[in-house]
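# Secondary and tertiary structure notes
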Amino acid sequence: MNSNAPAPLQLFSAPLSMFGAKVQIAMLEKGLDFSLTMVDFDWTRGYTPKHPEVLRVNPKRQVPVLIHGELELFDSTQIFEYLEELQPQPALWPAGIAAKARARLLEHQSDEVYFPHIIRLMGLQKTLDDPVAVAAIEAASRFYDEMETLLAGRDHLAGPYSFADIAFFMAQLFGERLGASMTEDTPRLRAWRAHVPTACGSDGGGGYGGLAGGAGATCACFFEGHGLVVGS
Ligand SMILES: N[C@@H](CCC(=O)N[C@@H](CS)C(=O)NCC(=O)O)C(=O)O
């Protein structure tokens, strides 16, 4: 290998990995050149066998993993922080200490407050009247209401387009598919979903064809584009 060549950026993700997709979208938004390795996923075995690089880098044995030369990272939010410094433009955190802190909190809430409700819906698509599913859908709806309020007078969750939008876009994609759909009660949020993420466009990039194409097309493209059908 040419020793002057920049170290390659290697992303390890997986089919149906919401967290891996967050990172992939952010790398596309930043125009980074990277290789993508999709680790094994199977409906019966789950994420096994584990990829040796994932096992080596992440003691939690999860994707996403990012390798950049001697730097080896795991966790989508940690990787976001690295990407922002590696490729500052386009910025995906807003400027200003308070705005940045709010955006980071939103990104965290998407992963750790909203998405756990969606995980509870997994396997319940045929029994959405199950009390567990009903409670999860109600909690997701309350979160949608909060995001709707945030979007009053702005196009994105934290002001300018940010990692917070990417995180919630991906998490909500799963919510939509698993039964926690947005309704007409949150028109600003529905409009927001139609224009993020920007890098993917309507004809797609990096395997995310049609992500910006609205609810139905969006879900179909992500899930079926990975050769996967959820809950059917
Ligand atoms: N907090 C982590 C969550 C990562 C995560 O849950 N990854 C899942 C795929 S979406 C995984 O690798 N699961 C396999 C396992 O836990 O064995 C992040 O943000 O990266």
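Look a little higher up for the structure.
What comes next concerns the included structure.

Calculation notes
Residues numbered from 1 in each chain as written. Predicted model: local features only at pLDDT ≥ 70, side-chain atom pairs only at ≥ 80, totals over all residues. Helix = DSSP H or I, 4+ residues; strand = E, 2+ residues; numbered from the N terminus. Contact = placed C-beta atoms within 7 Å. Pairing = 2+ DSSP bridges. Near = placed C-beta within 6 Å. Nonpolar A, V, L, I, M, F, W, Y, C, P; charged D, E, K, R; others polar. Axes fitted to C-alpha atoms, helices over the stretch in contact; angles between N-to-C directions. Parallel < 35°, antiparallel > 145°, perpendicular 65-115°, else oblique. Left-handed = near helix turned anticlockwise from the far one by under 90°. Core = buried A, V, L, I, M, F, W, Y, C linked by C-beta atoms within 7 Å. Buried ≥ 20, exposed ≤ 12 C-beta atoms within 10 Å, placed from the backbone. Domains from an automatic or database assignment.

## Some points on the overall build of the chain
- Each helix and strand in the chain was counted, giving eight helices and four strands.
- For the chain, the N- to C-terminal ordering of α and β elements is β-α-β-α-β-β-α-α-α-α-α-α.
- Intrachain contacts of the chain at a sequence separation of at least 6 include 61% that bridge at least 24 residues.

## Some points on the pairing of strand 3 (residues 65-68)
- Relative to strand 3, strand 1 (residues 9-13) runs antiparallel, the two sharing four bridges. Across the sheet, Q10 pairs through a bridge with I67, a residue of strand 3.
- Pairing between strand 3 and strand 4 (residues 71-74): four bridges, direction antiparallel. When the sheet's bridge partners are listed, I67 is paired in strand 4 with E72.
- What sits between the antiparallel neighbours strand 3 and strand 4 is a turn of two residues, in which G69 has the positive phi angle 65°.

## Quick notes on the site of the ligand
- Residues in close proximity to the ligand total 13 residues, the closest being S17, F19, Y47, Q62 and S76.
- Sorting the residues of the shell around the ligand by element identifies helix 1 (18-29) and helix 3 (76-86) as the ones contributing at least two each.
- Looking at the shell around the ligand, its residues break down into six nonpolar, four polar and three charged.

## Here's the deal with unusual backbone geometry
- Here T48 and P49 are connected by a cis peptide whose omega angle stands at -5°.
- Along the polypeptide, P49 turns up in the loop between strand 2 (34-38) and helix 2 (52-57).
- For the bond from V63 to P64, the omega torsion is 5°, close enough to zero to count as cis.
- Tracing the backbone through its elements, the reader meets P64 in the loop between helix 2 and strand 3.
- Here L16, not a glycine, exhibits a phi torsion of approximately 65°, which is positive.
- Relative to the helices and strands, L16 is located in the loop between strand 1 and helix 1.

## Focus: the sheet that holds strand 3
- Pairing is mixed in the open sheet, where four strands are placed in the order 2-1-3-4. Looking at strand neighbours, the two that pair on one side only are strand 2 and strand 4, the edges of this open sheet. Adjacent strand axes in the sheet meet at a mean angle of 15° when their direction is disregarded.
- Relative to strand 2, strand 1 is paired through five bridges, and the arrangement is parallel. The residue bridging L9 from the neighbouring strand is F34, located in strand 2.
- The strands touched by helix 1 are strand 1, strand 2 and strand 3; relative to strand 1, the strand with the most contacts, the crossing angle is about 150°.

## Some thoughts on the packing of helix 4 (residues 97-120) against helix 5 (residues 131-150)
- Here helix 4 crosses helix 5 at 155°, and the two axes come no closer than 9 Å. Here helix 5 runs roughly antiparallel to helix 4, going by the angle between their axes. Where helix 4 crosses over helix 5, the handedness of that crossing is left-handed. Mapping the contact onto sequence places V113, Y114, H117, I118 and R120 in helix 4 and V132, A136, A139, A140 and F143 in helix 5.

## A few points about the nonpolar core
- Residues A26, I118, A140, F163, A164, M170 and A171 are the most contacted members of the largest nonpolar core, which totals 55 residues.
- Of all elements in the fold, only strand 1, helix 1, strand 3, helix 3, helix 4, helix 5, helix 6 (163-178) and helix 7 (187-195) reach the threshold of two or more residues within this core.
- With 11 residues, helix 6 is the largest single contributor of residues to this core.
- Both domains that furnish three or more residues to this core are identified here as domain 1 (9-86) and domain 2 (97-225).
- Filtering out sequence-adjacent residues up to four positions away, A26 remains in contact with F80, L83, L92, F163 and I166.

## Let's talk about the packing of helix 4 against helix 6
- Viewed as axis vectors pointing N to C, helix 4 and helix 6 meet at an angle of 15°, and their least axial separation amounts to 8 Å. When the axis of helix 4 is compared with that of helix 6, the two are roughly parallel. As for how helix 4 packs across helix 6, the hand of that crossing is left-handed. Counted together, A103, L106, E107, S110, D111, Y114, F115 and I118 of helix 4 and F163, A164, A167, F168, A171, F174, G175 and L178 of helix 6 form the full contact between these two elements.

Limitation: the analysis is restricted to geometry and does not speak to function.
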